[in-house]
Amino acid sequence: MSRPLNKDYRAADFQQLSQLIQNHPLMKTAATEELSMQKFRTPEYSTKCVMRASLDDIALGINMYKLQLGVDKQTSKAEAVSFGPTARKSAKGQGTPFIKVLLRKTPLVVLFERPSMTAELDTEEGRMVLADNQLYDQLLTGIDKCRRTVEADTQTIEPLLKSRLVNTERLCTDQVGSYVSNFEMFDTYKDLEASTKSVPIEGAQQMEVTTYRVGGVDQFVEINQLPNFRLALMITMRILASNVFEPQQRRFRNMQPPDPLAEDVKFKYRLHLLWRLSAPSPLSRERQAVTSVCFCPSNGDIMAVSYGIYTCAKLGKQPRRGYVYVWNIKNPVNPERCYNYPVPVVVVQFSPGSPQLLAIGLHNGDVEVRDISQPDQPALARSQRSSSPYFDPVTAIKWIPRSDGDVLAEGNITPFLAASQSGSVIKYQLINSPYLLGFEQQHFQRAEAELEGISITQPAQRVPLLANRYVQCLELILDPLQSELYYVLTDEGTMYKCSTNYPLQHLELQQVHETPAVCMDFSPWSPKLYLTCGSDWCIRIWMAGILLPLITLQHHLSPVHCARWSRTHSTILVSISHNTIDIWDLRNSTLKPVSSTTIDAKIHYTTFCFSHCGRCLAVGNEAGNLLMLAFEDMPFAPHFQYRQLKRALYKALALDPELLQQVKSVGAFHYPHGGKHTSDQ
């Protein structure tokens, strides 16, 4: 216990005692803690006030200031030394780091209120509501008191207000690059399961590709299934391909037409190879011949190619696979759409009204329609055996164009015709079903007796062969003027003229070749002039209304697989045989072609198709390659194409006066309004 000090205590003794207390070890430890508490005695912390702030302001204030609270030191009573009277407390309280918050209740803000629309029937309010409803029914009943009521959505007049406390901050996103060191990348790929495999490139070359697995799943396969990644990959491959094929692509687009003022002009009628589209399978022993080529009507850069069987020579067994590839000239290296089938594919054809639809004919008699704009979706519709019970290959497909008088509902698609080797022509229609709606239009039987057209001598059969009484349909062509008329070529060399308005009966029958007739094409400048080709080594030019061929072209001792009129010159036509591509010009000669081109002598050609501009040619062969050829050193197109064609025909018929007189009796054989008309190939 400390004793009280007298008032007359000397000042010298007090100073001596204070010096001893300060030199005590306990007082030295407390001095350091005193220094740390001096910052809380500043006016900023020592002032006590009442703040009016919201919860948001308090939250922001706590984050701005870092408060440090002092720790109360407890000293034992034995070490406590006190001399003299107790120190006098200051009138101003000691500063504190805490803030005094005063919360007051604000007026109630109604955000949304929906009063009840019902009331209890036994209460006074319920009886008032019932009387009001009866009065409303009385006003609506009676003569001349009926009002029409319509339920409709309306916008509220009074806007709903929200206070600032209800609103939340908008989340802002941004793309920010981050730095990743080589060590972090090494550690990331070290934990993954790496697998390396070799990929063949251009035959003997090999390239090693390393992929990584996470949990046993190949990440490259997972990423490749994403639509955005596949779209980005397609665009990237187009850019890379343009670095190599830019001059050829410019030539295909016809960006550099021939100069009519050039001094050294030579007409050589030659074909220049732009690029070669690869086959689906690198194995040479697999049968994957190009059976059909079709360009998209709305976009000439896109073309569909079918792969299957073209000839059955040296065929041990039927292949079990077929392909349909959709190519784009922006990427001549890889196809942009691939469809695989368990049977060979025979024919493909784009729809002129809906260019994204592609009709596909298979070797087993099935027909299906696909939408190439949706590569991950299955086929839109497929034929069924109830409407198409034939198992023979589908050889030709043609979409029926919409005529001027047809009125189709929105979303309806024009039907198409499909001819098969069973001798039948079936009309298919797309409906709201996974199956095509099919109707049999024709079923041709073998012709008997002597027919109109060319005369053929058939040896008398000792024993009649009754294996099949139906002919095989090899080609189907639509009339360029009347959409309901179509022509069918058969393996007997006959041509049937039919109409969709008269099913199961033909209008005309004509003998055009001695052997199977495989191709037919109308002239772009005349709806009455057309050509046919067949296995009798001949190309014949016919005119509607004349039973004999006007001109017969024959040069090679081999079947003519395909022949078509040029899209740029009215007197030029192109044909292909086993290993040559021939260009004929009726102005120069009808005895031999003006040029013959051979690119792959050991591989037989199958079919070809003109581009939209007419200055390029897509030729397929039995190896599965598609050759894109360009016409070079060709004569300049005449200004009056029909007049030039008429002169060439009269010149070729100068030695046959009777046939020339029949042609002149036909009169003008151009289109009604003149100009040019290009039919589907």
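The name given to the protein in an unreviewed UniProt entry is Dynein axonemal intermediate chain 4, with Drosophila hydei as the source organism.

A. Here's a closer look at the sheet that holds strand β16 (residues 437-443). Taken together, the 4 strands give an open sheet; going across it, the order is β13-β14-β15-β16, and neighbouring strands pair in antiparallel fashion. Across the chains shown, the open sheet's two edge strands, defined by having one partner strand only, are β13 (394-399) and β16. The average undirected angle you get between the axes of adjacent strands in this sheet is 25 degrees. Sheet topology places β13 next to strand β14 (residues 416-420); 5 bridges connect them, and they run antiparallel. Bridging from a neighbouring strand, I397 pairs with A418 of β14.

B. Expanded view of the side chain of D371. Relative to the helices and strands, D371 is located in strand β11 (residues 367-371). Although D371 lies buried, it forms no salt bridge, and the closest oppositely charged side chain, R337, sits 8.1 Å away as judged by the N-O distance. If we ignore the near neighbours within four places in the chain, the residues touching D371 are Y339, Q356, L357 and L380.

C. How the structure looks around the packing of aromatic side chains. This model, assessed by the stated rule, comprises 14 aromatic pairs. Relative to F669, the ring of Y642 lies with its centre 5.1 Å away and its plane at 65 degrees, an arrangement referred to as edge-to-face. With Y642 in helix α9 (residues 641-652) and F669 in the segment after α10 (657-666), this pair connects stretches of sequence that are 27 residues apart. The class of F669 is buried, set by a relative accessible area of 0%. Taken together, the aromatic side chains of Y307, Y323, Y325 and W327 make up a single cluster linked through ring pairs. Lying across the ring of F608, R564 places its NZ or CZ 5.9 Å from the centre. The ring of Y650 has K664 sitting right over it, with the charged end atom 5.5 Å from the ring centre.

D. Representation of the sheet that holds strand β6 (residues 302-308) in the model. Taken in spatial order, the 4 strands make up an open sheet running β5-β6-β7-β8, and their pairing is antiparallel. Sheet topology places β5 (289-295) and β8 (337-341) at the edges, where each strand pairs with a single neighbour. Across the sheet, the mean angle separating the axes of adjacent strands is 15 degrees when strand polarity is ignored. Relative to β6, β5 runs antiparallel, the two sharing 6 bridges.

E. Layout of the layout of surface pockets. Of the voids in this model, the largest pocket is the one considered here, and its volume is about 1200 Å³. Class assignment of the residues belonging to the lining of the largest pocket gives a composition of 22 nonpolar, 15 polar and 8 charged.

F. Structural context of the environment of Q511. Summarising the element assignment, Q511 is placed in strand β21 (residues 508-511). Classification of Q511 by relative accessible area gives buried; the value is 5%. Considering only alpha carbons, one finds Q511 and G493, 18 residues apart in sequence, at a separation of 6.0 Å. For Q511, the contacting residues outside a window of four places in its chain are L451, E452, G453, I454, I456, E492, G493, T494 and W542. At a separation of 2.6 Å, a polar atom in the side chain of Q511 contacts the main-chain carbonyl oxygen of H513.

G. Structural view of empty space enclosed by the protein. For the structure shown, the criterion picks out 3 cavities of 30 Å³ or more. In this structure, the largest cavity spans a volume of roughly 90 Å³. Of all elements in the fold, only β27 (572-576) and β28 (581-585) reach the threshold of two or more residues within the lining of the largest cavity. Per-class residue counts for the lining of the largest cavity are 7 nonpolar, 6 polar and 1 charged. Considered as a void within the structure, the second largest cavity measures approximately 70 Å³ in volume. Elements that contribute at least two residues to the lining of the second largest cavity include exactly β14 and β15 (424-429). Residue classes in the lining of the second largest cavity are distributed as 7 nonpolar, 4 polar and 1 charged.

Conventions used here
- Throughout, residues of each chain are indexed from 1 in the direction in which the sequence is written.
- Thresholds applied to this predicted model are a pLDDT of at least 70 for local features of residues and 80 or more for the giving and counting of side-chain atom pairs; totals over whole chains, interfaces and linings are not thresholded and use all residues.
- Remark: hydrogens and water are excluded; side-chain values derive from all non-hydrogen atoms of the structure.
- Strands are labelled as partners when DSSP assigns at least two bridges between them.
- Helix and strand labels come from DSSP, where a helix needs a run of H or I of at least four residues and a strand needs a run of E of at least two; each type is numbered from the N terminus.
- Structural elements are reduced to axes, namely lines fitted to C-alpha atoms, with helices fitted over the stretch in contact, and the angle between N-to-C directions of any two is expressed from 0 to 180 degrees.
- Classification of residues uses two cut-offs on accessible area relative to the type maximum, computed with a 1.4 Å probe and protein chains only: under 20% is buried, over 50% is exposed, and between them is partly exposed.
- Only four residue types enter the tally: Lys and Arg on the positive side, Asp and Glu on the negative side, with His and both chain ends excluded.
- Note on definitions: salt bridges are taken to be side-chain nitrogens of Lys or Arg within 4 Å of carboxyl oxygens of Asp or Glu.
- Pairs of residues are marked as contacts when any of their non-hydrogen atoms sit within 4.5 Å.
- Note on aromatic contacts: the rings of Phe and Tyr and the six-membered ring of Trp form a pair at centre separations within 6.5 Å, being stacked when their planes are under 30 degrees apart, edge-to-face when over 60 apart, and tilted otherwise.
- Here, over-ring charges are defined by two tests on the NZ atom of lysine or the CZ atom of arginine: distance to the ring centre within 6 Å, and angle to the ring normal within 35 degrees.
- Grid points spaced at 1 Å and placed over the protein atoms alone form the basis of the search, with a cavity being a set where a 1.4 Å probe fits but cannot get out and a pocket an open set showing protein on both sides within 12 Å along at least five of seven lines. Lining residues have an atom within 4 Å of a point.
- Grid points are joined across faces, edges and corners, and a volume is the space filled by probe spheres set on the points.
- Polarity classes work like this: nonpolar for Ala, Val, Leu, Ile, Met, Phe, Trp, Tyr, Cys and Pro, charged for Asp, Glu, Lys and Arg, and polar for all others, with Gly in that last group.
- Polar contact is the term for a pair of N or O atoms within 3.5 Å; when the atoms are in protein, one must be able to donate a hydrogen and the other to accept it, and sequence-neighboring residues count only if both atoms are side-chain atoms.

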